[in-house]
Amino acid sequence: MATNRTFTMIKPDAVKNGHIGAILQQINAGGFKIVAMKYTKLSAEKAGEFYAVHAERPFYGELVEFMSSGPIVAAVLEKDNAVADFRTLIGATNPAEAAEGTIRKQFATSIGENAVHGSDSDENADIESQFHFAGTEIFG
Ligand code: GDP
């Protein structure tokens, strides 16, 4: 996959709180093109697999439970410098530390229920996109 892509999820808290539209609007306004998108729900097993890198962290069980608690929106986004620019748009993991105007500052409720996911590297963007989408579901 090209390095101008990143992967995102609108997490169960933001979906439940009715923020899908507002978050997609900010993603578009930030200059990102949506090249793949689906409304889906992760099983606990799939959520555990997605976050396997955090398996040893104390919050892993809570994270898996939360991420499989309700539907999410998964998407692949395209923009120059997509990974870094999207991390800037969403803000710090903990909304209390996120900059004004960022998606997490506006819509996240806690460090765990923090509204959106954004890949942290080009390599992970590729792995995470392929976790959720077949090649035929991505329209570059
Ligand atoms: P991110 O790259 O900003 O998403 O942050 P991390 O990779 O460090 O963590 C992955 C996800 O785990 C975060 O987005 C949160 O949903 C969750 N998380 C991180 N730290 C904590 C924590 O201290 N408690 C809980 N409950 N969840 C956390």
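Further up the page is the structure itself.
Residues numbered from 1 in each chain as written. Predicted model: local features only at pLDDT ≥ 70, side-chain atom pairs only at ≥ 80, totals over all residues. Heavy atoms only, no water.

Novice: Would you mind going over the overall build of the protein with me for this structure?
Specialist: A count of helices and strands for the protein gives 7 helices and 4 strands. Starting at the N terminus, the α and β elements of the protein follow one another as β-α-α-β-α-α-β-α-α-β-α. Expressed along its principal axes, the backbone C-alpha trace of the protein runs to roughly 35 × 35 × 25 Å. For the protein, the residues scored as buried account for 44% of the 140 residues in total. (Helix = DSSP H or I, 4+ residues; strand = E, 2+ residues; numbered from the N terminus. Buried < 20%, exposed > 50% of the residue type's maximum accessible area, 1.4 Å probe, protein only.)

Novice: Help me out: how do you make sense of the sheet that holds strand E2 (residues 33–40) in this one?
Specialist: The pairing of strands in a sheet happens through backbone hydrogen bonds and is either parallel or antiparallel. If you trace the 4 strands from one edge of the open sheet to the other, you get E2-E3-E1-E4, paired in antiparallel fashion. Pairing within the sheet leaves two strands with one partner each, and these edge strands are E2 and strand E4 (116–118). Ignoring strand direction, the axes of neighbouring strands in this sheet form an average angle of 15°. With 3 bridges connecting them, strand E1 (residues 5–10) and E4 associate as antiparallel partners. Bridged to Thr8 within E4 is Gly118. (Pairing = 2+ DSSP bridges. Axes fitted to C-alpha atoms, helices over the stretch in contact; angles between N-to-C directions.)

Novice: So what exactly am I meant to see when it comes to the environment of Ile23 here?
Specialist: Secondary-structure assignment places Ile23 in helix H2 (residues 20–29). Separated by 19 residues in sequence, Ile23 and Leu42 place their C-alpha atoms 20 Å apart.

Novice: Would you take a moment to explain the pairing of E1 for this structure?
Specialist: Successive residues of a regular strand alternate their side chains across the two faces of the sheet. The element E1 is largely enclosed, with a buried count of 6 among its 6 residues. The alternating pattern of E1 places Arg5, Phe7 and Met9 on one face and Thr6, Thr8 and Ile10 on the opposite face, and all of these are buried.

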